[in-house]
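For reference, the chains in residue letters:
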Amino acid sequence: MASPAQQPAQELATPQADTPPATILHRGKFRFPPGLRLNLPFYSFSKFFDPRNPILLFEYLAKFGRAAHYRLLWHHIVLLTDPADIREVLVDKAHLFIKERTQKRMRILLGEGLITADGETHKRHRRIAAPAFHRQRIQAYASTIVEYADQKSREWSYQWRPGRQIDVADEMMRLALQITARTLFDTEVTPEIHAINDESNAVMDMYNSLVSLPRAEDLLRWRIPVPVLIRFRRSKKHLDQVVDQMIAAKQAEIAQALREGRQIGGDLLSMLIAARDQEGTGGANKLSPSELRDEVLTIFLAGYETVANALSWTWLLLGQNPHAEARLHAEVDSVLLDQSGKPRLPTLEDLPQLPYTEMVIAEAMRLYPPAWAMGRQATEDVEIGPYRLPKNSFVFFSQYIVHRDPRFYPDPESFRPERFTPEAKASRPKFAYFPFGGGGRQCIGESFAWMEAILTLATLAQRWRLTLVENQTIALQPKITLRPKFGIQVTPQPRY
Ligand code: HEM
């Protein structure tokens, strides 16, 4: 008899092409969706099982319909694909869930910051960081974003010669890193700051093998001499050093300002430090030194890498879709003009005049969501839609899967920014599109990310057309964020 690993398809309930009415498997007091009959490791040799690309597994599971169930060792895991069920987990029943294991294991990198914390600790951190992300405060960063995007454009101009190729994914990483450092942390972009990019790239490369190691946290703590752990410890130490330097420099700057009776800056870092130093609040608004460092690293990494990926995929899609590219150029060319009719740089006030630019980015994040999957763990037995799952079950949902559901996005593979007109958006359920998550843990940087992406794209697209280099391999690299595995090679062409 063929082993399940060789012929998994025969061991499975038949996946359905379209979402059928929910099929329910009753087991005692629980009701599970259909799915893989055997424990996941039995499918190790199946086409859909590739630890380097979990999207393949999710794509396979999505064919079961509204939800699919499988087991990994003794854990129950459910993939949800219906927006109503996702909403139940993230919004209506959020209090019955905590972050799932792999996200918690990010603690080895991020410590105890907004992304990894749960419960009261999370609430406290969110309360402290929230004022720095208020819309009005964020708006003050618009001119800095444009200044850096324009600097990138000038850099391309100086280096330009016919046929010169660049990796636009790498360029967007460096640009987003500079923007984050300057706006949120009011920090000079020194070689040390660039080290954040290099080290976080190294960490991303190690991430999947690390989270799959049993008890990676203990192995790291016990200083076990496994190469991947040694490399990880070195990168993490370097990241911590850079962040500590940044905090120390800012603290010195604040102390100097106070001595001179000057106001301190309204950047996020100053606000986090001020919160840490605030006395008389019974500790409610204070971050300990290690919490401060963890939060700075968390927001830094969460803030630049995601926006950079969104922009990189946008350039790929524009290169593949000349009609959309032409419409984008028409919009920026008509809006960004000075009184004498010459091109000028965008400003905050231009944002409402750039709806197509925003739609292009929204559609790019539909097809290539930088945060491509999310997960939670139930803290008690819980009902979701027609299912009832035991305490400790894991539920996952993937933006990559839901954003390509033909029920909400006909011809889902094609790039159509028109899917994001206000009317089209209103016709879909809320959680048919959730690049920034939802509920109480919705991305704190969402407004900032939109502003940064729109202003950067407008600034660069006004001056440049990026033609894709032919015969390159574009591949997905789904790690913590969805990156283009081999980058995206383009030839910049000046538009005027
Ligand atoms: C295109 C850009 C971005 C995308 C797609 C994105 C996506 C997300 C998603 C999906 C979550 C929710 C994760 C979950 O609930 O499990 C999240 C949370 C978070 N994001 Fe973003 N993000 C982006 C930009 C940013 C920026 C610019 C910042 C900060 C500068 C940021 C900081 C955070 C933080 C701190 C959290 C944790 C919030 C909490 O749990 O309270 N993100 N992001």
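Scroll up to find the structure.
Residues numbered from 1 in each chain as written. Predicted model: local features only at pLDDT ≥ 70, side-chain atom pairs only at ≥ 80, totals over all residues.

Q: Looking at this model, I keep getting lost on the overall build of the protein chain. Mind explaining?
A: For the protein chain, the count of helices and strands is 18 helices and 15 strands. Expressed as a percentage of its 496 residues, the buried residues of the protein chain come to 41%. (Helix = DSSP H or I, 4+ residues; strand = E, 2+ residues; numbered from the N terminus. Buried ≥ 20, exposed ≤ 12 C-beta atoms within 10 Å, placed from the backbone.)

Q: Looking at this structure, I do not really get helix α8 (residues 168-183). What am I missing?
A: Turn by turn, an α-helix covers 3.6 residues, leaving residues three or four places apart pointing in a common direction. Relative to the 22 Å expected for 16 residues at 1.5 Å per residue, α8 spans 22 Å between its end C-alpha atoms, a close match to the ideal helical length. Across the 16 residues of α8, 13 count as buried, placing the element largely inside the fold. (Expected span 1.5 Å × (residues − 1).)

Q: I'm lost on the site of the ligand in this one. Help?
A: Around the ligand, the structure places 23 residues, and the nearest of them are G303, T306, G437, C443 and G445. Secondary-structure elements contributing two or more residues to the shell around the ligand are α13 (289-320) and α18 (446-463). With seven residues, α13 is the single largest residue contributor to the shell around the ligand. When its residues are assigned to classes, the shell around the ligand shows 16 nonpolar, five polar and two charged. (Near = placed C-beta within 6 Å. Nonpolar A, V, L, I, M, F, W, Y, C, P; charged D, E, K, R; others polar.)

Q: What am I meant to see in α13 here?
A: Helix length check: α13 (32 residues) gives 47 Å between terminal C-alpha atoms against 46 Å at 1.5 Å per residue, within 8%. Counted residue by residue, α13 has 27 buried out of 32 residues, so it is predominantly covered.

Q: Sorry, what's going on with the nonpolar core here?
A: In a soluble, globular protein the nonpolar side chains are often hidden away together inside. In terms of nonpolar packing, the biggest core is built from 126 residues, with L79, L80, I145, A176, L272 and V296 touching the most fellow members. If one sorts the elements of this core by residue count, α13 sits on top with 16 residues. In this structure, I145 is in contact with I179, T183, M451, E452, L455 and T456, ignoring residues within four places of it in sequence. (Core = buried A, V, L, I, M, F, W, Y, C linked by C-beta atoms within 7 Å. Contact = placed C-beta atoms within 7 Å.)

Q: Got a minute to help me understand the pairing of strand β8 (residues 374-378) in this structure?
A: In the case of a regular strand, side chains alternate between the two sheet surfaces. Across the five residues that make up β8, a large majority, five, are buried. The alternating pattern of β8 places M374, R376 and A378 on one face and G375 and Q377 on the opposite face, and all of these are buried. Sheet analysis places β8 next to strand β11 (residues 394-397), joined by four bridges and oriented antiparallel. Residue pairing for β11: Q377 is matched across the bridge by F394. (Pairing = 2+ DSSP bridges.)

Q: Looking at this structure, how should I read the pairing of strand β4 (residues 67-72)?
A: In terms of strand pairing, strand β3 (residues 35-39) meets β4 through two bridges, oriented parallel. Bridging across to β4, N39 finds its partner in R71. Once the chain exits β3 it traverses helix α1 (residues 54-62) before rejoining the sheet at β4, and the crossover so formed is right-handed. Bridging between β4 and strand β5 (residues 75-80) involves six bridges; their strand directions are antiparallel. Considered in β5, the bridge of A67 is made with L80. Connecting β4 to the next strand, β5, in antiparallel fashion are two residues, including L73 with a positive phi near 55 degrees. (Right-handed = clockwise from strand over helix to strand, strands pointing away.)

Q: Explain the sheet that holds strand β7 (residues 166-167) to me, please; I cannot follow it from the model alone.
A: Sheet strands associate in pairs through backbone hydrogen bonding, adopting either a parallel or an antiparallel arrangement. Taken in spatial order, the three strands of this open sheet run β7-β15-β12, and their pairing is antiparallel. Strands at the two margins of the open sheet, each flanked by one partner only, are β7 and β12 (464-468). Note that β12 and strand β15 (residues 489-494) share five bridges and pair antiparallel. Note on β15: the bridge partner recorded for W464 is P494.

Q: Whenever I open this one, the environment of I454 confuses me. Can you help?
A: Assignment of secondary structure puts I454 in helix α18. Sequence separation between I454 and P346 is 108 residues, and the spatial gap between their C-alpha atoms is 9.7 Å. Setting aside its immediate chain neighbours within four residues, I454 contacts L351, L354, T357, E358 and I361.

Q: Which parts of the structure should I look at to understand the packing of α13 against α18?
A: Think of two packed helices as two axes; the pair is described by the angle between the axes and how far apart they sit. Two elements in contact, α13 and α18, have axes separated by 10 Å at closest approach and are oriented at 40 degrees. Accordingly, the angle class assigned to the pair α13 and α18 is oblique. α13 and α18 meet at a crossing whose hand is right-handed. Residue-level inspection shows T306, V307, A310, L311 and T314 of α13 in contact with α18, the latter providing A449, E452, A453, T456 and L457. Residues belonging to the contact of α13 with α18 are distributed by class as follows: six nonpolar, three polar and one charged. (Axes fitted to C-alpha atoms, helices over the stretch in contact; angles between N-to-C directions. Parallel < 35°, antiparallel > 145°, perpendicular 65-115°, else oblique. Left-handed = near helix turned anticlockwise from the far one by under 90°.)

Q: Looking at this structure, how should I read unusual backbone geometry?
A: Phi is mostly negative for residues that are not glycine, and the peptide bonds are mostly trans. Unusually for a residue other than glycine, N392 sits at a positive phi of about 75 degrees. Here N392 shows up in the loop between β10 (387-389) and β11. Phi at N471 is positive, roughly 55 degrees, even though this residue is not glycine. The residue N471 is located in the loop between β12 and β13 (476-478) in this model.

Q: Hey, could you run me through the sheet that holds β5 in this one?
A: With mixed pairing, six strands are arranged side by side in an open sheet as β3-β4-β5-β11-β8-β6. The open sheet has two free edges, formed respectively by β3 and β6 (97-99), since each of these has just one partner strand. Looking at each pair of strands side by side, their axes are set apart by 25 degrees on average, direction ignored. Taken strand by strand, helix α2 (residues 83-92) contacts β4, β5, β6, β8 and β11, and its axis lies near 125 degrees from that of β5.

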